[in-house]
Amino acid sequence: HAKATDTNRYMFFERLMNEQATRHMLIKSALRRALDRNEFVLHYQPRVTLKTMSICGMEALIRWDHPDLGMISPAEFIPIAEDSGLIGAIGHWVLDEACRHTRHLNETTDCRLSVSVNLSAQQLRDAEVVTQVAEVLEKWQLPAELLELELTETALVKDMDRSADVLKKLKSLGVLLSVDDFGTGYSGLSYLKRFPMDILKLDRSFITQQPEGITGHEFIKALVDMAHALKLSVVAEGIENKDLLRLVQECACDEGQGYYLSKPMPFSSLKEFVLKHHNVE
Ligand code: C2E
Ligand code: MG
Ligand code: MG
Ligand code: MG
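Procedures and definitions
- Residues numbered from 1 in each chain as written.
- Chains lettered and ligands numbered in written order.
- Predicted model: local features only at pLDDT ≥ 70, side-chain atom pairs only at ≥ 80, totals over all residues.
- Heavy atoms only, no water.
- Buried < 20%, exposed > 50% of the residue type's maximum accessible area, 1.4 Å probe, protein only.
- Helix = DSSP H or I, 4+ residues; strand = E, 2+ residues; numbered from the N terminus.
- Pairing = 2+ DSSP bridges.
- Near = heavy atom within 4 Å.
- Polar contact = N/O pair within 3.5 Å; in protein donor to acceptor, adjacent residues only side chain to side chain.
- Areas by Shrake-Rupley, 256 points an atom, 1.4 Å probe, with all protein chains shown as cover.
- Phe/Tyr/Trp six-rings, centres within 6.5 Å; stacked < 30°, edge-to-face > 60°.
- Lys NZ or Arg CZ within 6 Å of the ring centre and 35° of its normal.

Caption draft 1: View of the pairing of strand β7 (residues 199–202). The alternating pattern of β7 places I199 and K201 on one face and L200 and L202 on the opposite face, and all of these are buried. Two elements, strand β6 (residues 176–182) and β7, share 3 bridges in a ladder whose sense is parallel. Each bridged residue has a counterpart across the sheet, and for V179 the counterpart in β7 is L200.

Caption draft 2: Fine view of the site of ligand 1. What surrounds ligand 1 is a group of 22 residues, the closest being R63, N118, D180, E240 and Y259. In the environment of ligand 1, a nitrogen atom lies 3.3 Å from a nitrogen or oxygen atom belonging to the side chain of R204. In this structure, E240 approaches ligand 1 through a side-chain N or O atom, which is 2.6 Å from a nitrogen atom. Burial of ligand 1 by the surrounding chains reaches 81%, relative to a free accessible area of 810 Å². Of all the secondary-structure elements, those providing two or more residues to the shell around ligand 1 are β2 (54–66), α2 (74–83) and β6.

Caption draft 3: Spotlight on the packing of aromatic side chains. Counting across every chain of the model gives 8 aromatic pairs. When the ring of W64 is compared with that of F77, the centres are 5.4 Å apart and the planes differ by 80 degrees; the resulting orientation is edge-to-face. Residue W64 is found in strand β2, and its partner F77 is found in helix α2; the two are separated by 13 residues along the sequence. In this structure F77 comes out as buried when scored by relative accessible area, which is 0%. Grouping aromatic residues by their ring pairs yields a cluster made of F40, W64, F77 and W93. The lysine or arginine in question, K263, covers the ring of Y259, its NZ or CZ lying 4.7 Å from the ring centre.

Below is the structure:
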């Protein structure tokens with residue numbers, strides 16, 4: 001009897017592994033054609049200045065709408081794109097599309113919104129990204145200070161010397177650099193001395209789950225003060241409700257993002273949102 005159960009269990013896992021391997025292979029081969037077939041689209045999540053609650057910019061988030069597989073999350077296909085050497089081309093498309101949209105948005109709404117683009121660890125290994133960024137800024141005549149590049153802590157510390165070199169070159173173009181998902185990886189501030197960062201994005205999990213013993217408020221406040229002392233501005237991610245909004249406001253975070261403020265949306269809906277939520281000074 002035990003043997004039969006073991007066999008069943010084995011077959012179950014084998015099938016699961018096969019399914020996963022098949023999906024992985026499907027995605028990998030479909031990814032090669034996705035750019036040519038225009039299957040990617042960018043959605044935008046507004047970012048808000050917490051003092052005034054007006055929109056100051058947005059984060060570009062890639063979506064892949066595959067004709068058979070449906071919507072595939074970037075969390076699933078970006079790692080595969082990195083492994084198969086496709087991230088350079090996809091990342092280039094994201095930069096180009098995000099700058100094109102932002103230029104158009106600012107022109108038609110008379111705003112000066114900034115856009116942030118996520119860079120993967122792999123993109124940071126290759127100085128080609130510096131040329132790509134310089135080219136798209138020139139192409140769309142977007143002021144460099146309106147483009148922000150987000151790097152996760154893990155991407156930064158993977159190959160510190162190489163990252164520091166590429167980031168220095170990016171920084172010299174005039175773009176802003178932020179640490180994404182801060183609080184989920186290495187979680188120190190001292191290694192940041194090696195990189196010319198401007199912004200710290202506190203991860204959602206960091207804001208919602210706090211260590212025991214001290215209150216969340218004190219912990220976040222101390223970190224924000226420290227970041228400010230290091231001339232970093234702070235963005236709170238994952239603001240999902242009114243209480244979290246109050247918390248990050250009380251902690252003097254500079255800007256915020258989250259479902260409570262707005263979910264990511266297609267570019268076609270962004271303009272209307274901006275016109276409604278942008279304070280005219
Ligand atoms: P991220 O850069 O940290 O982006 C934030 C993610 O959290 C997004 O998921 C966003 O939709 C989601 N989010 C925003 N507000 C809330 C909230 O209040 N609650 C919750 N539960 N989630 C919230 P998404 O779009 O699925 O992206 C996942 C990750 O994929 C991103 O994390 C980023 O690391 C990566 N990614 C997305 N677009 C790109 C891209 O163009 N290039 C690269 N290299 N990576 C990308
Ligand atoms: Mg991000
Ligand atoms: Mg993040
Ligand atoms: Mg994240």
